[in-house]
Amino acid sequence: MQMQENFSLKAHNTFGVDAKARYFTEVHSTEELIEAFNYSKTGTLPLLFLGGGSNILLTKDFEGLAIKLNLKGIHEDILNEDEVLVTAKAGENWHEFVIFCLEKNYGGLENLSLIPGNVGTSPMQNIGAYGTEIKDIFVNCTVLNLENLQLETFNLEQCRFGYRDSVFKQEGKGKYVILDVAFKLTRKNHHIKTEYGAIQAELEHLGIEKPTIQDVSRAVINIRQSKLPDPKKIGNAGSFFKNPTISLSQFEQLKENFPQIPGYANGDFVKVPAGWLIEQCGWKGKQIGNVASHQLQALVIINATGKATGQEIFDFSTEIINSVNEKFGIELEREVNII
């Protein structure tokens, strides 16, 4: 295990923010992870665990030990004629893992194509897109309990998945490190989901009438590439805010003043697209200093010049939150983890 000091994390966060860590190391096994953790305890250093860096905003230098989780490996267990259990280590790139499964004709992940980040962080957020969430195909994950350095297994119920939420973002925050994640996928008789977003329209554009899971993935990739900036070209963390859920009565009141407001009912509650709210407040494509809201998707905040600090991005997001709250009486919640 190699320990580095005063290490720039610019290449380890998709916003491309040039914040520094007092100490940095990369681990490739559970043993190295425990060694790094014990090192932090001797100096009582705060810890920052890094995966793909796609869901963090570094607002200042980190005065502790940043640990890059680079655990790699994918294992397959055939369960029966129609099902397979695929377990991926935390350091595997998410999209590359999806492609691996698609090449094997394993179904269930295709709607989650091109989501940035690594496998290990996928349960934390219960990542989702186009009608699929991690919880739909999740079986369990192996974690390291940082209180006793023992390995534990969390099943679906124990993870308590919610909308972009899990036990790992609530009372389990900072207590566990996810080492691998297991998914139950289909080998045939795939459940094709094309009714969300613009998937069906994109498939029609491609001239595909009876889509395979590979076709759905291709459509999702095309849609995402047309709407979302590539973090390798311009710093961003994808969707910066969660879509807010409000009461049905509040939605009906808003509908009187804003007849065009979209909403997706779920019982007595309605989910409202944050991107629409932000756009209505005039933020789409707007730039202040080094930071902007993307011109094609208002939900995405970008490091427009490549020189933005994390604090600048945070302040920009605060202005968006305030303006949406003032106009609609809805307080947006950041999806990105603020460090």
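- An unreviewed UniProt entry lists the protein under the name UDP-N-acetylenolpyruvoylglucosamine reductase, with Chryseobacterium nepalense given as the organism.
- The heading Sequence similarities (unreviewed entry) in the UniProt record of the protein holds the text "Belongs to the MurB family."
- Quoted verbatim from the Cofactor (unreviewed entry) heading of the UniProt record, the comment on the protein is "FAD".

**Examining the UniProt feature "active site" (unreviewed entry) in the protein**
Reasoning step 1: Mapped onto this numbering, the UniProt entry gives "active site" (unreviewed entry) at Arg164, Ser239 and Glu335. These annotated residues cover 172 residues of sequence, and their C-alpha atoms lie no more than 11.2 Å from one another, placing them together at a single site.
Reasoning step 2: Following the sequence through the fold, Arg164 ends up in the loop between helix H4 (156-159) and strand E12 (176-186).
Reasoning step 3: The class of Arg164 is buried, set by a relative accessible area of 12%.
Reasoning step 4: Apart from residues lying up to four places away in sequence, Arg164 is in contact with Gln125, Asn126, Ile127, Gly128, Ala129, Glu133, Lys169, Lys242 and Glu335.
Reasoning step 5: On the secondary structure map, Glu335 appears in the loop between helix H9 (310-328) and strand E20 (337-338).
Reasoning step 6: Note on Glu335: relative accessible area 11%, which makes it buried.

**Regarding the packing of aromatic side chains**
Remark: the centre distance and the inter-plane angle together describe each pair of aromatic rings, the angle taken between the planes.
Reasoning step 1: Applying the stated criterion to the full structure yields 14 aromatic pairs.
Reasoning step 2: With centroids separated by 6.2 Å and ring planes inclined at 65°, the aromatic side chains of Phe15 and Phe240 adopt a geometry described as edge-to-face. Here Phe15, found in the loop between strand E1 (4-8) and strand E2 (20-27), pairs with Phe240, found in the loop between strand E13 (235-239) and strand E14 (245-247); they are 225 residues apart in sequence, far enough to count as distant. Per residue, the accessibility class of Phe15 equals that of Phe240, and both read buried.
Reasoning step 3: Ring centres 5.1 Å apart and planes at 85° place the aromatic pair Phe138 and Phe161 in the edge-to-face group. Here Phe138, found in strand E10 (residues 138-145), pairs with Phe161, found in the loop between H4 and E12; they are 23 residues apart in sequence, far enough to count as distant. There is no split in this pair, since Phe138 and Phe161 are both buried.
Reasoning step 4: Within the aromatic cluster, the residues linked to one another by ring pairs are Phe15, Phe240 and Phe241.
Reasoning step 5: A cation over an aromatic ring shows up here: Lys271 above the ring of Tyr163, its NZ or CZ 3.7 Å from the ring centre.

What counts and what doesn't
- All residue numbers here refer to positions counted from 1 along the written sequence of the relevant chain.
- Reporting of local features is limited, given that this is a predicted model, to residues whose pLDDT is at least 70; pairs of side-chain atoms are given and counted only at 80 or more, and all residues count toward the totals for whole chains, interfaces and linings.
- Side-chain measures were taken over the full set of non-hydrogen atoms in the model, leaving aside hydrogen atoms and water.
- UniProt positions are given in the numbering used here, feature names are shortened, and annotations may be inferred rather than shown by experiment.
- For helices the rule is a DSSP run of H or I covering at least 4 residues; for strands it is a run of E covering at least 2, with both sets numbered from the N terminus onward.
- Buried, partly exposed and exposed residues are distinguished by accessible area as a fraction of the type maximum, computed with a 1.4 Å probe on protein chains only: under 20%, between the cut-offs, and over 50%, respectively.
- We call two residues in contact whenever any of their non-hydrogen atoms come within 4.5 Å of each other.
- Planes of paired rings set the category: under 30 degrees apart is stacked, over 60 is edge-to-face and the rest tilted, where pairs are Phe, Tyr or Trp rings (Trp by its six-membered ring) whose centres lie within 6.5 Å.
- In this scheme, the term charge over a ring applies when either NZ of a lysine or CZ of an arginine sits within 6 Å of the ring centre and within 35 degrees of the ring normal.

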